[in-house]
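Residue-level listing of the chains:
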There are 8 protein chains.
Amino acid sequence: MNNKGYEDIGFAKIDHDRQKRQGYPEVIFGAGKTCEHAAAIFKRIKENGNAAVCTRASKEMAEAIISLVPEAEYIEIAKIVIYNDIKKGLEGQVCIATGGTSDIPVAEEAAVILEAFGSKVIRLYDVGVAGIHRLMDNMDILRSSNCIIAVAGMEGALPSVIAGLVSIPVIAVPTSVGYGANLGGIAALLGMLNSCASGVSVVNIDNGFGAANQAHLINMLAVKGSGSR
Amino acid sequence: MNNKGYEDIGFAKIDHDRQKRQGYPEVIFGAGKTCEHAAAIFKRIKENGNAAVCTRASKEMAEAIISLVPEAEYIEIAKIVIYNDIKKGLEGQVCIATGGTSDIPVAEEAAVILEAFGSKVIRLYDVGVAGIHRLMDNMDILRSSNCIIAVAGMEGALPSVIAGLVSIPVIAVPTSVGYGANLGGIAALLGMLNSCASGVSVVNIDNGFGAANQAHLINMLAVKGSGSR
Amino acid sequence: MNNKGYEDIGFAKIDHDRQKRQGYPEVIFGAGKTCEHAAAIFKRIKENGNAAVCTRASKEMAEAIISLVPEAEYIEIAKIVIYNDIKKGLEGQVCIATGGTSDIPVAEEAAVILEAFGSKVIRLYDVGVAGIHRLMDNMDILRSSNCIIAVAGMEGALPSVIAGLVSIPVIAVPTSVGYGANLGGIAALLGMLNSCASGVSVVNIDNGFGAANQAHLINMLAVKGSGSR
Amino acid sequence: MNNKGYEDIGFAKIDHDRQKRQGYPEVIFGAGKTCEHAAAIFKRIKENGNAAVCTRASKEMAEAIISLVPEAEYIEIAKIVIYNDIKKGLEGQVCIATGGTSDIPVAEEAAVILEAFGSKVIRLYDVGVAGIHRLMDNMDILRSSNCIIAVAGMEGALPSVIAGLVSIPVIAVPTSVGYGANLGGIAALLGMLNSCASGVSVVNIDNGFGAANQAHLINMLAVKGSGSR
Amino acid sequence: MNNKGYEDIGFAKIDHDRQKRQGYPEVIFGAGKTCEHAAAIFKRIKENGNAAVCTRASKEMAEAIISLVPEAEYIEIAKIVIYNDIKKGLEGQVCIATGGTSDIPVAEEAAVILEAFGSKVIRLYDVGVAGIHRLMDNMDILRSSNCIIAVAGMEGALPSVIAGLVSIPVIAVPTSVGYGANLGGIAALLGMLNSCASGVSVVNIDNGFGAANQAHLINMLAVKGSGSR
Amino acid sequence: MNNKGYEDIGFAKIDHDRQKRQGYPEVIFGAGKTCEHAAAIFKRIKENGNAAVCTRASKEMAEAIISLVPEAEYIEIAKIVIYNDIKKGLEGQVCIATGGTSDIPVAEEAAVILEAFGSKVIRLYDVGVAGIHRLMDNMDILRSSNCIIAVAGMEGALPSVIAGLVSIPVIAVPTSVGYGANLGGIAALLGMLNSCASGVSVVNIDNGFGAANQAHLINMLAVKGSGSR
Amino acid sequence: MNNKGYEDIGFAKIDHDRQKRQGYPEVIFGAGKTCEHAAAIFKRIKENGNAAVCTRASKEMAEAIISLVPEAEYIEIAKIVIYNDIKKGLEGQVCIATGGTSDIPVAEEAAVILEAFGSKVIRLYDVGVAGIHRLMDNMDILRSSNCIIAVAGMEGALPSVIAGLVSIPVIAVPTSVGYGANLGGIAALLGMLNSCASGVSVVNIDNGFGAANQAHLINMLAVKGSGSR
Amino acid sequence: MNNKGYEDIGFAKIDHDRQKRQGYPEVIFGAGKTCEHAAAIFKRIKENGNAAVCTRASKEMAEAIISLVPEAEYIEIAKIVIYNDIKKGLEGQVCIATGGTSDIPVAEEAAVILEAFGSKVIRLYDVGVAGIHRLMDNMDILRSSNCIIAVAGMEGALPSVIAGLVSIPVIAVPTSVGYGANLGGIAALLGMLNSCASGVSVVNIDNGFGAANQAHLINMLAVKGSGSR
């Protein structure tokens, strides 16, 4: 590492400083990287910070990482490789709700990241608007959370309905679940951006990681106040 | 009229036969026509069938028509000019629900057409998903109808929520209400086409007339059975 | 099953109540689910209601389901796994028309669902507008139906032509058949939404299931009157 | 005019040679030009070739041209200013069919151009697919033409149906007639490009001029054989 | 008001309960409403809750409201009509940054709403990425805020750059500022959704209100902890 | 075959009458059909008319057809299976020009169809606008043809340049050759539709067959006059 | 002006330093600004640097500026207000070519900016690909320039053809000239991005200013060598 | 080779003249060509000019070429096969910057081409806007270059930030790196086209070759002055 807070390893400039700034090291976005690159960066981050995470990791990439860092673990449904030796208790509460069972992989990407960062997670899966009573039965879970991540494909109406029921920030995650005129998740994305309810903001399609990141920052503000910044 | 069921008046071929086939004359789509053309066609249809309707009529077009057919009436919110001397009682029940107050013009286009064709209409306005309890309080109205027209802009989630609550055909009408990423109603249209609930079909953006037409056919099947075809 | 009408099996909340409400259990949408999840849900629904259906099932998913529920059957062209021990006669009549032979898989998805739900189906395949006489020769079949499902790819003109010939609700199903500027079915979808004929509503691309659902509701209204709701 | 066949008048390079090559001078596309520019070019072309045409001319532009070339005439429905002192008889036959009355302005742009170039035109208006019998009644007109221009908005199905009935080149012209999901004519354009019938080619939305140009070339080949090239 | 928390005034169902739930009454979205409807709703909300806000109000609509509620004020740059008799001090801090001066109207919509709800606002205008030093000079302002609203048109890069510099939730607001390939704000919207920085979520194009709403919820969590929910 | 001119073989209605009407039997579009269906239809058409053609045939489909009709031949670059026992000489001349070598498969689909129908073909490959002199050197070939098919991907400028040089109908075929912002051929398609030159009409992306069909009709008009209709 | 090189005037942060860095002051983008803001910024820049330019200025904005800075001049066709007291000779040569006369306003925006910055401009208007000889006749002009700006609407083929003829950087400017499937200039933009010729880069639709900026930098590199940076 | 400067080898017309005109032979675009065609063209170019380059070459294509021209070399990360016996020193300096490590393949395509043409390259990888200090630390590299190629995916903000920091032509290359709403690189492309900074022009998505070509022309102008044209 140079004195500028990042290490230049030729094909990448690793931001080791982030742990100091944010309490957790830079997260590797696995998609589009070679297995060798991902593994090498993972190893350097782990050695520097006692923790490392790689998202969007294929099985093959996971194997390449684990062969270099045997203590790391692969959580297949979330496509995440993780090594975590930073001990912290889980604080606050973020609720992750999904419209259907096919949205679970995206939800789990968010859940694993939130827990790695130190936020407590409560899962509320398969509560989509086609059977609204399944959601209504769980108002307590929604209302006791500091932030809600609403994950849905198809028409993506879940965040609107939730935001109409509570006064808590809702992070909407459109998923690519669906076919035809869902346009790979664009239909859900547009629906969420046009939400008629207040208190909804949106991240990219299938971006569980981004939602978790934003939700963790909000949850920490609730738990620790402005001091968490 | 020729013996083929339509009259050739040079710039148009008027389908007078439709009244015999469907019990109601051809409806004029005013948009894109000159006031003179619209008025001339209106007069010929009225003379031939005792009733006439022109949708998407501007104030100016309405005046042109009424100056030719003084018995006709302009219903401004629905942008419809109508003359109706066919006496029939209203039968069955079609519910028209809207997400917000801005969707009312489209809803009224549907309502006026349904009543002109002979279907009873019940209005349920401003029951969008951002305040779901306003909809839940009116389950009786929904359940006592033979067909529901659900009109909504923005994310267009209303038809999904309604279809999840009842077992009645829902005709979804996306409206151009909204801005930015609503893309002139495309967001609502895509949402409705991707509905995760069963029993939803969709018409063009702002197409209250088309929804009314389909709903009337369905309502008549319920009232009169297969004999209504 | 809890007293709220649905069973929570961890990754899913199964709506067993639907059979009571609609006479037929919830249908599983296989795409995007793991084979294990699909099979487990299929088994629970079958045990609870004497019938179960999974659409968009790959061969592999079909095998997983049948190994758990050996009485189930795989209808490959429709990609449906079905077990049906609810005895009912087929009533009314829904006509399913296709533009070409490549639209048949979507049409068969609709046909299998309609028959499972209890509607009589009549098939009219390969009657697209490039050879309009093939359609004109079959006006009797069209006119004797309570509802028509018109399935077409490419320019998707079939529903318009049919709706211009009859006064019966037409459910239009665009298919992804075609290439280039058909944009995976968007061309046909847009064509159908802009139909110049009355009495057409539209479902998502390749959504035979959705069309069947809507058509069944309409057919039952014709057969049983408002009492079918 | 320089010896290269075109005249450089500063803001434009006028292709006077075209008359020698094609028997008719360059046609001015009025849209986007200032009235002054359009009038000046019109005058130079007229002086050089005894004929001149300006399409997409607003009323204001027409007045500017006529004040400079008083012999010119404005055909408002076609938005064309024309001066024609080239005497030729009209030969062959091109049929121009429209789906509805709102498509007439585009059809008339084509008709005026065809007649100016020397092709005989037969008009067949308001024969859209929602009332297919109006088209079927006129098979003789279609079959006696060397080329058919099919003009339609909304779903744009007219060219497919015509091309399925005859073995004559069909030039399809999508119009911007419609609303919502017609996307300013894109729906009709896509429909025509995906025509399932043989012998259809397509020009830009509302491009009556382009269709007329192509149809005239084809008509002349039929009338004069390869010698017309 | 009925005992369900909302008042049914025929064309609208006003959610008076919201003040109790959220400390501030329902905000009227003026666009698409008639001046009469907007004014009537404004009056009812004001009478019920001592405060009322109407966004997207034209000058004409503002006059209609103020003639009915003379105590109300029109803030033209933000297009907001406001009456506010609820006394509260401003707490916490939300920073509103803009890329350029043309983004100010959207930023002011957010600022007025935040202050009406009780959040302290700090403005940082014209700090776009084409002159990155203007942003770097103001790190203190960014770091002392609980939430940052980043408003930008054109390529919409401001939120990414800010989020890379701080560990605070960033709400990104794309604006329709730009031309050509900005597609009315879609370019900025897509850029923000694809942000390579962590901690960014996005609202609809020009949606200053939505961003303010989300930012206020977050700011209150920081100020009051989970108790603010 | 029934007395209506087509044979109903269950999954398809084969239009045997076309040979009588057009001198050549219906052409099978192979894409989206099963090998079995394609082979069965091929056999029936061949038996009925002494010729048969299947386009978009994969190697596997070609083998299925040839095992049923051993006299058929597979032209791999054009993806066409053909059996042709109708003896006719090749007449007239259609020029097929391509922008690059990657456009050749589409060009060959057109060439094979044209020759099967009886039109003489002259090939002018790799004459794209990036090296305009290669085109200019071949003006004789262009000018001696009755119709020109211009095949190009990327920006699709070839048809405009050709149409500016000759007074012969140009059928433009956009290809999917390219990457990124070519959007699978949409860029070339849009370019061709917006051609600033006269006498260009366009078919679907990669649609060599459609272009050949239209070109053959035009070529026959030139060779035989109106009598060819 | 603060010691950071920019002046904070409340609603804007003016980058006075740019003149020192680039030899010419910051250019005001008029669109979307109020006349008052534009005039105030213009005055401050002029006072600070002896020159000022505002692009995309309406007539009304021009009057507001000139009433504050009477020495300024309005060049209407280019929509530019300019005051220039920096004396420099024009150096090098940039050629600006247009496809048609309707592209001239965009070309003139580029020309005025280039001359203000100190580059010599040579205009070559109305040389589009529909009459390729008009371009070929002017090879000398093209070849004697250090950089070519090619401005074209419709299919946007001009830059490709030019780049195929010379070895000089070509900056392509798509214009919104056209209609229908030109999609407001998107067709030309896509065509230029997909250019099959080497040495073409592209700016936003109608962005004459951006092209001039890039061309000036390139021209100065040719005139002054690396020292111009 | 004919006396027109290109060689006609049947399926292609090879532009051997380019080396004389530009100092380097025509570059083969491998994608979409068969391995045989690519290899044959490579061999002919190499024999004629002592150098040859094929871009977008798969491993399989590389093997086909090398088996024909064993002296050629495959640079896998850039997907380029190259044979270069033209001796020239590297002159000037072009900087290639990337946003992340996943953009490296596109950057290397540009780098290899630039060096083959004779431009000196300096690489600055992984300096995206999410960690702006990594870029700021390298201002010297940026400022000492004659041209900067900025390669970035996701929101594509890198070129804007760089162009705001220097007065050097910036060629922006959007990459397809990202997912969901990045639309295969369209988001980055739109962002770059809408850059609020001056001196940015853009090439197609992933088009490292095009950027290198343009950058080389600019670099040579700086090194050799106008004489390099």
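By convention here, each chain's residues receive numbers from 1 onward along its written sequence. Chains carry letters and ligands carry numbers; both start at the beginning, A for chains and 1 for ligands, and go up in the order they are written. Only residues with pLDDT of 70 or above have their local features reported here, since the model is predicted, and side-chain atom pairs are shown and tallied only from 80 upward, although totals for entire chains, interfaces and linings are computed over all residues. Water and hydrogen atoms were dropped before computing side-chain values, which therefore reflect all heavy atoms in the structure.

Trainee: When you look at the overall build of chain A in this model, what are you seeing that I'm missing?
Mentor: Across its full length, chain A holds nine helices and eleven strands. In terms of overall dimensions, chain A is globule-like: its C-alpha atoms have a radius of gyration of 18 Å, near the 17 Å expected for 229 residues. Projected onto the principal axes, the alpha-carbon positions of chain A cover approximately 50 × 45 × 25 Å. Taken across its 229 residues, chain A has 65% of its residues classed as buried. Counting rule for charge: Lys and Arg are taken as positive, Asp and Glu as negative, and neither His nor the chain ends is counted. Each charge is placed at NZ for Lys, CZ for Arg, CG for Asp and CD for Glu. The average position of the 20 basic charges and that of the 23 acidic charges among the side chains of chain A differ by 7 Å. By the criteria applied, helices consist of DSSP H or I runs no shorter than four residues and strands consist of E runs no shorter than two, each listed in order from the N terminus. This radius of gyration counts C-alpha atoms alone. The globule rule is 2.2 Å times how many residues there are, raised to the power 0.38. Think of it in three bands: with a 1.4 Å probe and only protein chains considered, a residue is buried below 20% of the maximum accessible area for its type, exposed above 50%, and partly exposed in between.

Trainee: I'm lost on the packing of aromatic side chains in this one. Help?
Mentor: Aromatic ring pairs are defined here through the distance separating the ring centres and the angle between the ring planes. For Phe, Tyr and Trp, where Trp contributes only its six-membered ring, two rings pair if their centres lie within 6.5 Å, and the inter-plane angle classes them as stacked under 30 degrees, edge-to-face over 60, or tilted in between. Counting across every chain of the model gives eight aromatic pairs over all chains. Sitting over the face of the ring of Y179(G), R56(D) holds its NZ or CZ atom 4.2 Å from the ring centroid. Criterion for a charge above a ring: Lys NZ or Arg CZ within 6 Å of the ring centre, and within 35 degrees of the ring normal.

Trainee: Is there a simple way to explain the relation of the copies chain A and chain H in this structure?
Mentor: Between the two chain copies there is a screw-like relation: a rotation about an axis and a shift along it. Mapping chain A onto chain H calls for a rotation angle of 90° and an axial translation of 0.0 Å; the resulting RMSD is 0.0 Å. Both copies of the chain, as the preceding transformation shows, are related through a four-fold rotation axis. If distances are taken from each C-alpha of chain A to the rotation axis, the shortest is found for L183(A), at 7.3 Å. All copies are superposed by least squares; the fitting set is the C-alpha atoms of residues with a pLDDT of at least 70 in both.

Trainee: It is not clear to me how the relation of the copies chain D and chain F should be interpreted in this structure. Could you clarify?
Mentor: Take chain D, turn it by 180°, move it 0.0 Å along the axis, and it overlays chain F with an RMSD of 0.0 Å. What we have between these two chains is a two-fold relation. The residues that chain D uses at the interface reappear at the interface of chain F in 100% of cases, marking a shared surface. Whether two residues are in contact is decided by their heavy atoms, any of which lying within 4.5 Å being enough.

Trainee: Sorry if this is basic, but what is going on with the interface of chain D and chain F here?
Mentor: Where interface size is given, it is often the accessible area lost as the parts come together that is meant. Listed as interface residues are 34 residues of chain D and, on the opposing side, 34 residues of chain F. Summing the contributions of chain D and of chain F, the shared interface buries around 2800 Å²; its carbon and sulfur component is 51%. A carboxyl oxygen of Asp or Glu within 4 Å of a side-chain nitrogen of Lys or Arg is what we treat as a salt bridge. Run the count over chain D and chain F and you get zero salt bridges. Pairs of N or O atoms within 3.5 Å make up the polar contacts considered here, provided that, within protein, one atom can donate a hydrogen while the other can accept it, and that residues adjacent in sequence are counted only when both atoms are side-chain atoms. Counting every contact that joins chain D to chain F gives ten residue pairs in polar contact (both at pLDDT 80 or more). At the level of elements, α1 (17-22), β10 (170-174), α8 (186-193), β11 (200-202) and α9 (208-224) of chain D are the ones that each hand at least two residues to the side of chain D that touches chain F. Top contributing element to the side of chain D that touches chain F by residue count: α9(D), with seven residues. Any residue that is not Ala, Val, Leu, Ile, Met, Phe, Trp, Tyr, Cys, Pro, Asp, Glu, Lys or Arg is counted as polar, Gly included; the first ten are nonpolar and the last four charged. The residue inventory of the side of chain D that touches chain F, partitioned by class, reads 15 nonpolar, 15 polar and four charged. Once two parts are joined, some of their accessible surface, as seen by a 1.4 Å probe, is lost; buried area is that loss totalled over both.

Trainee: Hey, could you run me through helix α3 (residues 59-68) of chain E in this one?
Mentor: Because each turn of an α-helix spans 3.6 residues, side chains separated by three or four positions in sequence point in the same direction. Residue and element names in this part refer to chain E. Three or more residues of α3 are buried, namely M61, A62, A64 and I65. The buried side chains of α3 occupy one side of the element, clustering within an arc of 160° when seen end-on. Residues of α3 that are exposed and point over 90 degrees away from its buried face: E60, E63 and S67. In this structure, the buried residues of α3 make contact with α2 (35-49), β4 (51-55), β5 (73-75) and β6 (80-84). What the arc describes is the spread of directions from the helix axis to the C-beta atoms.

Trainee: Any chance you could explain the arrangement of the chains here in plain terms?
Mentor: Where chain B comes nearest to chain F, the C-alpha atoms are still 20 Å apart, and the two do not contact one another. You won't find any contact between chain B and chain G; their C-alpha atoms come no closer than 15 Å.

Trainee: Looking at this structure, I do not really get the domain arrangement of chain A. What am I missing?
Mentor: Residue and element names in this part refer to chain A. The domain boundaries here were taken from an automatic or database domain assignment. What the domain assignment lists for chain A is domain 1 (6-83) and domain 2 (91-226). The centre of domain 1, based on its C-alpha atoms, is set 26 Å off from the matching centre of domain 2. In this complex, domain 1 contributes ten residues to the contact, which on the side of domain 2 involves eleven residues. Carbon and sulfur atoms supply 75% of the area buried between domain 1 and domain 2, which totals about 890 Å² over both sides.

Trainee: I'm lost on the pattern of salt bridges in this one. Help?
Mentor: Oppositely charged side chains are able to pair whenever their charged atoms sit close together. Considering all chains together, one arrives at 80 salt bridges over all chains under this definition. A salt bridge links R56(G) to E109(G); the shortest N-O distance between them is 3.1 Å. On the criterion of sequence distance, the pair formed by R56(G) in the loop between β4 (51-55) and α3 (59-68) and E109(G) in helix α4 (residues 104-117) is long-range, its members being 53 residues apart. Where R44(H) meets E7(H), a salt bridge forms, and the shortest distance between an N and an O atom there is 2.9 Å. Of this pair, R44(H) sits in helix α2 (residues 35-49) while E7(H) sits in strand β1 (residues 7-8); the two residues are 37 residues apart in sequence, bridging distant segments of the chain. On the basis of relative accessible area, E7(H) is assigned to the buried category, the value being 11%. Through salt bridges with shared partners, a single ionic network connects E7(A), K43(A), R44(A) and E47(A).

Trainee: How should unusual backbone geometry be read in this particular structure?
Mentor: Located in the positive-phi region is D126(B), a residue other than glycine, with phi close to 65°. Relative to the assigned elements, D126(B) resides in the loop between β8 (119-124) and α5 (133-136). The class of D126(B) is buried, set by a relative accessible area of 10%. Look at N50(E): it is not a glycine, yet its phi comes out positive at around 70°. Following the sequence through the fold, N50(E) ends up in the loop between α2 and β4.

Trainee: What am I meant to see in the interface of chain A and chain H here?
Mentor: Every contact between the two is made by 15 residues of chain A and, on the other side, 14 residues of chain H. With both chains or domains summed, chain A and chain H bury close to 1400 Å², and 54% of this area falls on carbon and sulfur atoms. Between the two partners, chain A and chain H, sit zero salt bridges. Linking chain A to chain H there are seven residue pairs in polar contact (both at pLDDT 80 or more). Looking at the side of chain A that touches chain H residue by residue, the class counts come to eight nonpolar, three polar and four charged.

Trainee: It is not clear to me how the side chain of N194(F) should be interpreted in this structure. Could you clarify?
Mentor: Along the chain, N194(F) falls in the loop between α8 (186-193) and β11 (200-202). Among the polar contacts made by the side chain of N194(F), one reaches the main-chain amide nitrogen of N182(G) at a distance of 3.2 Å. Setting aside its immediate chain neighbours within four residues, N194(F) contacts N204(D), M154(G), E155(G), Y179(G), A181(G), N182(G) and A187(G).

Trainee: Where do I start with helix α3 (residues 59-68) of chain F in this structure?
Mentor: For α3(F), the full list of buried residues reads M61(F), A62(F) and I65(F). Against the buried residues of α3(F) lie α2 (35-49), β4 (51-55), β5 (73-75) and β6 (80-84) of chain F.

Trainee: Please clarify how the environment of S201(F) should be interpreted in this entry.
Mentor: Secondary-structure assignment places S201(F) in strand β11. Once the C-alpha coordinates of S201(F) and I149(F) are considered, the two residues, 52 residues apart in sequence, prove to be 10.0 Å apart. With sequence-adjacent residues up to four places away left out, S201(F) is seen in contact with I171(D), S201(D), V202(D), V203(D), Q214(D), V170(F), I171(F) and A172(F). There is a polar contact of 2.8 Å between the side chain of S201(F) and the side chain of Q214(D).

Trainee: Can you help me understand the sheet that holds strand β6 (residues 80-84) of chain G in this one?
Mentor: Think of a sheet as strands paired side by side through backbone hydrogen bonds, with each pair either parallel or antiparallel. Residues and elements named next belong to chain G. Two strands qualify as a pair provided that DSSP identifies no fewer than 2 bridges between them. Ordered in space as β3-β4-β6-β5, the four strands form an open sheet in which the pairing is mixed. Across the chains shown, the open sheet's two edge strands, defined by having one partner strand only, are β3 (28-29) and β5 (73-75). Where β3 meets β4, two bridges bridge the pair, whose relative direction is parallel. Opposite F29, over in β4, you have T55 as the bridge partner.

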